[in-house]
Amino acid sequence: MATEVNGESARPFFVGKKTDLVEAKRSKITVGERDIIIIHHQGTFYSMDQHCYHAGGSLINGDIEELNNMLCIVCPKHKYKISLEEGEGIYKASNPKEPTQPPRWYSKGIKQRVHKVTEVDGDIFVTLSDCPGWIESDYYQNEKGREELKKAQDDESNC
Ligand code: FES
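Quick caveat, the model's predicted, so the values are computed rather than measured.

Trainee: Which residues make up the sheet that holds strand 4 (residues 26–31), and what values go with them?
Mentor: Pairing is antiparallel in the open sheet, where six strands are placed in the order 3-13-12-6-5-4. Since the sheet does not close on itself, it has two edges, and those belong to strand 3 (12–17) and strand 4, each with one partner. This sheet shows a mean twist of 30° between the axes of neighbouring strands, independent of strand direction. Pairing analysis gives five bridges linking strand 12 (residues 114–120) to strand 13 (residues 123–127), with the strands arranged antiparallel. By the bridge assignment for strand 13, Val120 is matched with Asp123.

Rendered as structure tokens:
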């Protein structure tokens, strides 16, 4: 049985031709009511919610780095790091109880909703995540979150 995600069934949505998405490297697409990005990096497609779970920054131009043995996108706004595969938020810190130890990576858990990308005969499809429960990036996919984003963008453009 298909699961509902933002009013959309968890089924594959055609999002473009492989050749176009490979050339673009990064694409912003709205599937149903959900704003997502599609990234082509080192021969693999990834997809996740477009707006960063932290404060809604767009991830479309985030650098991709290998951190803690994971490919991560670095949000351009405040540099939060999110794994491409799982949407896991990670950060590096020192343990104050072990001041002589070097900083190490810690996980905040899954923070960004990631979506499944599949290819059929040169066509690319995205199946929205139907992972149950709240994931923090869901906030910027609802009306309240979108209003907040718009207000922040308006404030930035008035500076
Ligand atoms: S909005 Fe992405 S790190 Fe703050």
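Read on for the rest.
Trainee: So, the environment of His54: which residues are in play, and what are the values?
Mentor: Topologically, His54 is positioned in the loop between strand 6 (44–49) and strand 7 (63–67). Considering only alpha carbons, one finds His54 and His78, 24 residues apart in sequence, at a separation of 8.5 Å. Setting aside residues up to four positions removed in sequence, His54 forms contacts with Cys75, His78 and Tyr80.

Trainee: If you had to explain the nonpolar core to someone new, which residues and values would you point to?
Mentor: Core analysis: the biggest nonpolar cluster contains 23 residues, and Ile38 and Val126 have the highest contact counts within it. Elements represented by at least two residues in this core include exactly strand 5 (34–41), strand 6, strand 8 (70–74), strand 12 and strand 13. With four residues, strand 5 is the largest single contributor of residues to this core. Leave out the neighbours within four places in its chain, and Val126 touches Pro12, Phe13, Val15, Val31, Ile36, Ile38, Ser47, His115, Lys116 and Val117.

Quick notes on the rules
- Residues numbered from 1 in each chain as written.
- Predicted model: local features only at pLDDT ≥ 70, side-chain atom pairs only at ≥ 80, totals over all residues.
- Pairing = 2+ DSSP bridges.
- Helix = DSSP H or I, 4+ residues; strand = E, 2+ residues; numbered from the N terminus.
- Axes fitted to C-alpha atoms, helices over the stretch in contact; angles between N-to-C directions.
- Contact = placed C-beta atoms within 7 Å.
- Core = buried A, V, L, I, M, F, W, Y, C linked by C-beta atoms within 7 Å.
- Buried ≥ 20, exposed ≤ 12 C-beta atoms within 10 Å, placed from the backbone.

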